[in-house]
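Chain and residue survey
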Amino acid sequence: MTHLQTGLSPETIEKARLELNENPDVLHQDIQQVRDMIITRPDIGFLRTDDAFILRFLRARKFHQTDAFRLLAQYFQYRQLNLDMFKNFKADDPGIKRALIDGFPGVLEKRDHYGRKILLLFAANWDQSRNSFTDILRAILLSLEVLIEDQELQINGFILIIDWSNFSFKQASKLTPSILKLAIEGLQDSFPARFGGVHFVNQPWYIHALYTLIKPFLKDKTRKRIFLHGNNLNSLHQLIHPECLPSEFGGTLPPYDMGTWARTLLGPDYSDENEYTHTSYNVMHVKHSSSNLERGCSPKHMTSTSQEPSYWVRLMVHLAQYPVFQQWPMPGALEGMNRTGLSL
């Protein structure tokens, strides 16, 4: 065992050998091969190239050196192309701090039965007057940076559960192609983490539609690891055991405390006494009445004779301007309408 594997259990070292092709006898040579490729990309500033850092990229790509280098290059290129996202990239940045306090992301202390860390996103907690999508993405990326320092997680990976309960159509209309693309590039294409699954629960019909729209941006491997459970928690439990989940997801653990991860990252700086406090998740779950907006944008209420285009109509017309979406069939309510005649 090399010093780069110090702290790993024998079981995890064996898992790395079997699943990731990690060989301690040639670990330093593998790392050096990746490092030697840096000269081929003079356009990118590789700000960190130590052994431990490069190793996480090799693990993320199962020790295929070329793929690991490509991921390393994309990691730094993403940061170069989005400099504003990474200014003051730390937990006490005001935007990141607000997102963390509001539970973006949630991180369970207990891992699943494969040793994977479970991340939670409660989508309805997104107060768009308080948190930009970019700040939420920054908080998620910062959290992953902290978590990926754990070698066990470099090997075992992560699971993401997104609960869409009470996520309104108005909120969904703000998920534009540009910000979704930013998130996909940051998480799928530019970060050295192994995601074993992304699980949607309680998703409304318009999230199904948005997922269909972003599928062209997803790699086949990613698409195969996205599971849409709806309100069927049994299908979720077949993949993640209930004893690993809080009660919100039908698990045996107590309800998730939204401030748990924020307190971990912020330490003494954590304080939400004078901050905006979102409605608790459990309270949200008992609100079943739909707003007029939600009823108005459900498929059965959409007609081509509507006087005022719904959020959904405007969203679909807006998305239809992008070439990648133009092959996607539009709802009946939009048939015959000019694709670019409305603004979102």
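These numbers come from a predicted model, not from an experiment. Once a new chain begins, its residue numbering starts again from 1 and follows that chain's sequence as written. With the structure being a predicted model, the display of local features is reserved for residues of pLDDT at least 70 and the display and counting of side-chain atom pairs for 80 or more, all residues being used for whole-chain, interface and lining totals. Excluding hydrogens and water, the side-chain figures rest on all heavy atoms present in the structure.

1. Things to note about the overall build of the protein chain
Strands here are runs of E lasting at least two residues and helices are runs of H or I lasting at least four, both read from the DSSP assignment and numbered beginning at the N terminus. Counting its regular elements, the protein chain contains 16 helices and five strands. Only protein chains enter the accessibility calculation, which uses a 1.4 Å probe; a residue is then buried when its area is under 20% of its type maximum, exposed when over 50%, and partly exposed in between. Counting all 344 residues of the protein chain, 53% fall into the buried class. We call two residues in contact when some of their heavy atoms are within 4.5 Å. Taking as baseline every contact in the protein chain between residues at least 6 positions apart, the subset at least 24 positions apart corresponds to 73%. For the protein chain, the exposed surface amounts to about 16500 Å²; the carbon and sulfur share of it is 52%. The Shrake-Rupley method, run with a 1.4 Å probe, gives the accessible areas here. Residue values count only the displayed protein chains as cover.

2. Digging into the nonpolar core
By nonpolar core we mean a set of buried residues, namely Ala, Val, Leu, Ile, Met, Phe, Trp, Tyr and Cys, connected to one another through side-chain atoms within 4.5 Å. Counting 97 residues, the largest nonpolar core has F158 and I161 as its most contacted members. For this core, the element with the highest residue contribution is helix α6 (residues 133-147), accounting for nine residues. When neighbours within four sequence positions are excluded, F158 is seen to be in contact with R116, K117, L119, L144, L147, I148, L153, A193, R194, F195, G196 and G197.

3. Side note on unusual backbone geometry
That bond from F104 to P105 is cis: its omega, -5°, falls within 30 degrees of zero. Positive phi values are uncommon outside glycine, yet N21 reaches one of about 65°. Locating N21 in the fold gives a position in the loop between α1 (10-20) and α2 (27-36). Look at K62: it is not a glycine, yet its phi comes out positive at around 50°. Tracing the chain through its elements places K62 in the loop between α3 (51-60) and α4 (65-81).

4. Things to note about the confidence of the model for the protein chain
One number per residue, pLDDT, summarises how confident the predictor is, and it ranges from 0 to 100. In the predicted model, the protein chain carries a mean pLDDT of 84, and 78% of its residues have values of at least 70. Low pLDDT, under 50, characterises residues 273-311; the predicted model gives this stretch 59 contacts beyond four residues in sequence or across chains. Confidence over residues 322-344 falls short of pLDDT 50; this stretch has 47 contacts with residues more than four positions distant or in other chains.

5. Re the packing of α2 against α3
As a packed pair, α2 and α3 sit with axes 10 Å apart at the nearest point and diverge in direction by 90°. The orientation of α2 relative to α3 falls into the category roughly perpendicular. Contacts between α2 and α3 involve L27, H28, D30, I31, V34 and R35 on the former and, on the latter, D51, I54, L55 and L58. Across the contact of α2 with α3, the residue classes break down as six nonpolar, one polar and three charged. Axes here refer to lines fitted to C-alpha atoms; in helices the fit is confined to the stretch in contact. Angles between the N-to-C directions go from 0 to 180 degrees. Throughout, the term roughly parallel applies to angles under 35 degrees, roughly antiparallel to angles over 145, roughly perpendicular to angles from 65 to 115, and oblique to all others. Residue type decides the class: Asp, Glu, Lys and Arg count as charged, Ala, Val, Leu, Ile, Met, Phe, Trp, Tyr, Cys and Pro as nonpolar, and the leftover types, Gly among them, as polar.

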